[in-house]
Amino acid sequence: ANETTPASSEPAPPKDPSRAPGPNPLTVLVADDDRSVRRSLKRGLERLGFVVLEAENGVEAERTFSERSDIDVILLDANMPVRGGVETAHRILEK
């Protein structure tokens, strides 16, 4: 007996689940004084389905973080003018 199963009406799952944008993508804040680094990270993260925000320095990153409630991850460059990533991380964690 040659049995066949009916085709599913549901779409096949993506081959690489990490590349599939979910219904609620994570928001990442990228803080780096080098524009090309920010752009490169933004491009790569957006391809993976993340929403990406940018900041040029620690002060801008802290301001953006305090103004938005949807930031899930922050990537900070340790050495930036105005305020570096380590000090910015401490200030954000204190809030």
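Look a little higher up for the structure.
### Considerations on helix H1 (residues 35–47)
Phase 1 of the analysis: An ideal rise of 1.5 Å per residue puts 18 Å on 13 residues; H1 measures up with 18 Å between its terminal C-alpha atoms.
Phase 2 of the analysis: One or two residues past the end of H1 sits glycine 49, with phi positive at roughly 100 degrees.

### A word on the nonpolar core
Phase 1 of the analysis: Counting seven residues, the largest nonpolar core consists of Leu29, Ala31, Leu53, Ala55, Ala61, Ile71 and Met80.
Phase 2 of the analysis: Elements with a contribution of two residues or more to this core: strand E1 (27–31) and strand E2 (51–55).
Phase 3 of the analysis: Contact partners of leucine 29, with chain neighbours within four places excluded, come to Leu53, Glu54, Ala55, Ala61, Thr64, Phe65, Ile71, Val73, Ile74 and Leu75.

### As for the packing of helix H2 (residues 58–67) against helix H3 (residues 85–94)
Phase 1 of the analysis: Two elements in contact, H2 and H3, have axes whose closest approach is 9 Å; the angle formed by their N-to-C orientations is 20 degrees. Between H2 and H3, the crossing angle belongs to the class labelled roughly parallel. In this structure, the crossing between H2 and H3 has a hand that is right-handed. Contacts from Gly58, Ala61, Glu62 and Phe65 of H2 reach H3 at Thr88, Arg91 and Ile92.
Phase 2 of the analysis: Residues belonging to the contact of H2 with H3 are distributed by class as follows: three nonpolar, two polar and two charged.

Rules and cut-offs
Residues numbered from 1 in each chain as written. Predicted model: local features only at pLDDT ≥ 70, side-chain atom pairs only at ≥ 80, totals over all residues. Heavy atoms only, no water. Helix = DSSP H or I, 4+ residues; strand = E, 2+ residues; numbered from the N terminus. Expected span 1.5 Å × (residues − 1). Core = buried A, V, L, I, M, F, W, Y, C linked by side-chain atoms within 4.5 Å. Buried < 20%, exposed > 50% of the residue type's maximum accessible area, 1.4 Å probe, protein only. Contact = heavy atoms within 4.5 Å. Axes fitted to C-alpha atoms, helices over the stretch in contact; angles between N-to-C directions. Parallel < 35°, antiparallel > 145°, perpendicular 65-115°, else oblique. Left-handed = near helix turned anticlockwise from the far one by under 90°. Nonpolar A, V, L, I, M, F, W, Y, C, P; charged D, E, K, R; others polar.

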